[in-house]
Each structure stands twice: as structure tokens, then as C-alpha cells.
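# Observations on the model geometry
Spelled out, the chains give:
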Amino acid sequence: MKIDFGAAAGGTSAFSSRDIIAPHVAGESDLLTDVLLCPPHHLAPVPCCAVTRHHLDQGHVTGTEEALRQHGALVEALERQGVRCHMLPPAADLPDMCFTRDVGVATPWGMVALSPAMPHRRGEVDALMRACSRWGTPVRRITEGTIEGGDICIARDGLLIVGMSGERSSAAGIEAFAAPFRVAGWDVLICPFDADHLHLDTIFCMVDRDQAIGCIELLNPRFVRAVEARGISILPMPASLAASLGCNILSLGRRRVLTSASDTLVTSLLREAGYSVEAIDISEFAACGGGIHCLTQPLRRIAA
Ligand SMILES: NC(=[NH2+])NCCC[C@H](N)C(=O)O
């Protein structure tokens, strides 16, 4: 079934979601079949995180045409890899809306709409709720505390990891999100980290069922031990990758990964480790504090 969201304000293209799909993700590196994105027609740097503040200090202004070109290349790469891309219509008053990762998460029990700490991002959740209502997709909305998707890692069946910097995701929000996982007997690991890094996904991302990449010096040593004790090895990446969003990658499953073109180290280390990697230029997004992981909200992954 085709669902039209109508034309974007100021744009000519129509945004549509091709089929109703039942959101379901039980592991960050399971085979990705469907993803939710939002084109960056209205992307603008908001001084709400250290990285964007730094770029604003350097005089950064978003190049909208270039952002649209880079986003288009990301969509093409996803489609080439067999992933169906579903689009939210961009809204003029929501400058961070292309970072779809942060406002919703598909779980083993369906879609969960989150509770962003940043006031300017709350309208994005309303937009997601409207889209899900058009899809006929049931959504559970978190209203307790705050929680953003960049802090959530459904690492693999049975293991949920959540980052807690104290700025974006609060203990109340994390517990509200984690509750069904705990009820189902999942192991829940909370990772404290420095709020300068914004979200956990800027310093830690899964690449396979038993492997992650991480800016090891920036990760809490107890968290590293807890992850390794569960049989997950962390390919160490330099701390500088947090600010450049180089560690913020997307696993497509079957050892295929999308990386940022600006950080050739991640690409080469992953290739050396046997992954098939495609690098994409996301500099316009990195200047606004987000990378490939932030730009993509997996809707459905299938266990291998
Ligand atoms: N999952 C992420 N790391 N998202 C990045 C979001 C960046 C956005 N400017 C914000 O501060 O909210």
C-alpha cells in the first residue's frame, strides 16, 4: 500500500512511505530491511551540542543544496544495499528533523516514540506520531523523563545498552524505555558518559552481533568490561572520532557497514576486519552534530 504524506513545504518532491511495515528491531546488526529518514530541507545548526557550537564559532552555515545532495547519496547507498527508505516530510520549524534516530525506536514489541530533552526537538516526535497514525502503526509514547534514540542501542537479542550523559537521557526516561525489555528478561546495561559527546552513538556503535566500534578512551571502563564480559569485542577507535561523527556508523547486517567518508580510519579498520564498507560524505550533518547513525531510524531488521 502506498501512503502519500504530500509535498514538502517549499519543495517539489512528494514524500511517501511505500508499504505499511510492522516495526521490529531486536538487534542493531540484524539484516536491515526498512529505515526511516527525513530529507534536510530545513537543516540548520542549533547551538544545543558541543560539536554544533564549535562549528557555529567557526562561522558554519548549512549549505542546503549540499546537504540534500549528501542525504540523497545516503538514500541511494541504502537502496543499493536493498534497504527500503521511508521518508518523513520535513517541517520548516524543525531544524534537526533529519536526525530521525533520536525520536523513535523500533523494538521487539513495536514502535516507541521517545521524549527528547531538547525542547526544539519535541515537535519531531509529534510528526513521527502523525506518520505512524497514517501508517496505522501502533506506537507507545514515552512521557516519563527524557530519552533520545542516539543513546539507545538494542545491541542484540537479549541485550539492551543505553547511554546516560545526564543531559539528553534521564534515569526516568531510560527506565520507562527499558521496562518491557526487563520484563522480557533482557540484560540492560547503562553506560555513563560525558555530555560533551552528546549521545552514546557518537562513541559506540555495534557492527556485528559480537563486535562494536568504540572511542575506547571515552568509554567508561566498567562499561567496556561489562560489554566484553558478554562476548562483544570493541574495535578501538581514536577519541577524535567522537567530534567528527566518524564512529557514528550504520550496520546493515551481514557484515556490511555505512561509514563517514571524512574518517578513512574507520573504513580501513573495518575493511581489515573483514567488513564490506561503503563511505558516504556527511560533512553538512556532522557540522550540525549528527552522522549516519543519527540520520537513520531502523524500522525493521531481520535476525540472520
Ligand atoms: N543520534 C545522534 N547522535 N543525534 C545527533 C543529533 C544532533 C542534534 N543537533 C542534537 O543536538 O540533538
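Quick look at the structure, then. If you're wondering where the values come from, they're calculated on a predicted model, not measured in any experiment. (Residues numbered from 1 in each chain as written. Predicted model: local features only at pLDDT ≥ 70, side-chain atom pairs only at ≥ 80, totals over all residues. Heavy atoms only, no water.)

## Re the site of the ligand
Among the 16 residues in the neighbourhood of the ligand, the closest are listed as D102, R121, R168, D201 and C294. At 2.8 Å from an oxygen atom of the ligand is found a side-chain nitrogen or oxygen belonging to R168. At 2.9 Å from a nitrogen atom of the ligand is found a side-chain nitrogen or oxygen belonging to D201. Each residue belonging to the shell around the ligand can be placed in one class, and the counts come to six nonpolar, five polar and five charged. (Near = heavy atom within 4 Å. Polar contact = N/O pair within 3.5 Å; in protein donor to acceptor, adjacent residues only side chain to side chain. Nonpolar A, V, L, I, M, F, W, Y, C, P; charged D, E, K, R; others polar.)

## Overview of the side chain of H293
Assignment of secondary structure puts H293 in the loop between α8 (283-286) and β17 (297-302). Relative accessible area serves as the criterion here: at 2%, H293 is assigned to the buried category. (Helix = DSSP H or I, 4+ residues; strand = E, 2+ residues; numbered from the N terminus. Buried < 20%, exposed > 50% of the residue type's maximum accessible area, 1.4 Å probe, protein only.)

## Topic: the sheet that holds strand β8 (residues 152-156)
Sheet strands pair by backbone hydrogen bonding; their relative direction is either parallel or antiparallel. Pairing is mixed in the open sheet, where three strands are placed in the order β8-β9-β10. Two strands bound the open sheet, and with one partner strand each, they are β8 and β10 (187-192). Along the sheet, successive strands turn relative to each other by an average axial angle of 25 degrees, direction set aside. Pairing geometry for strand β9 (residues 159-164) and β10, over six bridges, is parallel. The partner of M164 across the bridge, within β10, is P192. Helix α4 (residues 171-183) contacts β8, β9 and β10 of the sheet and is inclined by roughly 180 degrees relative to β9. Against the sheet, helix α5 (residues 221-229) contacts β9 and β10, and its axis sits at roughly 155 degrees relative to β10. (Pairing = 2+ DSSP bridges. Axes fitted to C-alpha atoms, helices over the stretch in contact; angles between N-to-C directions. Contact = heavy atoms within 4.5 Å.)

## Let's talk about the sheet that holds β17
Taken in spatial order, the three strands make up an open sheet running β4-β3-β17, and their pairing is mixed. At either end of the open sheet lies a strand with only one pairing partner, and these are β4 (84-87) and β17. Mean inter-strand twist for the sheet, computed between neighbouring axes without regard to direction, equals 20 degrees. Strand direction decides the pairing type here: strand β3 (residues 31-37) and β4, joined by four bridges, are parallel. Paired with D34 across the strands is R84, a residue of β4. In this fold helix α2 (residues 64-80) packs onto β3 and β4, with an angle of close to 155 degrees to the strand it touches most, β3.

## Considering the nonpolar core
I161, F204, I213, L219 and L270 are the most contacted members of the largest nonpolar core, which totals 34 residues. In contact with I161, not counting residues within four places along its chain, are D151, I152, C153, A155, L189, L200, F204, F223 and V227. Ranked by size, the runner-up nonpolar core spans 27 residues in total, among them L74, V75, F99 and F285. (Core = buried A, V, L, I, M, F, W, Y, C linked by side-chain atoms within 4.5 Å.)

## Concerning the pattern of salt bridges
Overall, the coordinates contain 14 salt bridges when judged by the stated rule. A salt bridge links R121 to E124; its shortest N-O distance comes to 2.9 Å. Ionic pairing is found between E175 and R182, a salt bridge with its closest N-O pair at 2.9 Å. Note on E175: relative accessible area 36%, which makes it partly exposed. Taking the relative accessible area as the measure of exposure, R182 reaches 39% and is therefore partly exposed. (Salt bridge = Lys/Arg side-chain N within 4 Å of Asp/Glu carboxyl O.)

## Digging into the side chain of T62
In this structure, T62 sits in the loop between α1 (50-57) and α2. Its relative accessible area of 13% is what places T62 among the buried residues. If sequence neighbours within four positions are ignored, T62 has contacts with L43, A44, P45, A67, E284 and C288.

## Structural notes on the environment of D57
Mapped onto the fold, D57 is located in helix α1. A relative accessible area of 69% places D57 in the exposed class. Considered as a pair, D57 and P47 are 10 residues apart in the sequence and their alpha carbons are 9.7 Å apart.

## As for helix α7 (residues 264-272)
In an α-helix, one turn spans 3.6 residues; hence positions three or four apart end up facing the same way. Listing the buried residues of α7 in full gives V266, T267 and L270. Considered in projection along α7, the buried side chains sweep an arc of 100 degrees and stay on one side of the axis. Every exposed residue of α7 that faces more than 90 degrees away from the buried side is listed here: T264 and E272. Its buried side turned inward, α7 meets β11 (204-208), β12 (211-215), β13 (233-237), α6 (241-244), β15 (256-260) and β16 (276-280). Within two residues after α7, G274 carries a phi angle of roughly 95 degrees, on the positive side. (Arc of directions from axis to C-beta.)

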